[in-house]
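# What the coordinates show
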Amino acid sequence: MKVALKGHGHDHVIEMIPGSTIKQALDMIGIHPSTVIVSHEDIVLPHTTKLTADVNLELTIVSSGG
């Protein structure tokens with residue numbers, strides 16, 4: 001299945017097996033999961049979400065400061 005991850009300077013399309021998680025997708029493209037929020041159709045998804053079909057995911061960078 002094809003997983004597209006886009007947003008804030010990222011534009012990746014990767015091939016994964018069904019049942020892979022969002023965390024595995026992030027690991028494949030070298031993005032540490034704690035640095036992004038992943039959403040699909042404006043719904044935030046946990047990084048443990050299993051992907052079962054082609055999907056377009058939006059990445060939002062998490063920033064913090066103090």
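Everything in this summary refers to the structure shown in the same document. (Residues numbered from 1 in each chain as written. Predicted model: local features only at pLDDT ≥ 70, side-chain atom pairs only at ≥ 80, totals over all residues. Heavy atoms only, no water.)

### Describing unusual backbone geometry
Keep in mind that most residues, glycine aside, have a negative phi and that most peptide bonds are trans. The phi torsion at H8 lies on the positive side, around 50°, for a residue other than glycine. Among the structural elements, H8 can be located in the loop between β1 (2–7) and β2 (10–15). Phi angles above zero are rare outside glycine, and E41 is one such case at about 50°. A residue is classified by how much of its surface remains accessible, and E41, at 66% relative accessible area, is exposed. (Helix = DSSP H or I, 4+ residues; strand = E, 2+ residues; numbered from the N terminus. Buried < 20%, exposed > 50% of the residue type's maximum accessible area, 1.4 Å probe, protein only.)

### Quick look at the pairing of β2
In the sheet, β1 pairs with β2 via six bridges, with the strands oriented antiparallel. Following the sheet pairing, K6 is matched in β2 by D11. What sits between β1 and β2 in their antiparallel hairpin is a turn of two residues, with H8 showing a positive phi close to 50°. (Pairing = 2+ DSSP bridges.)

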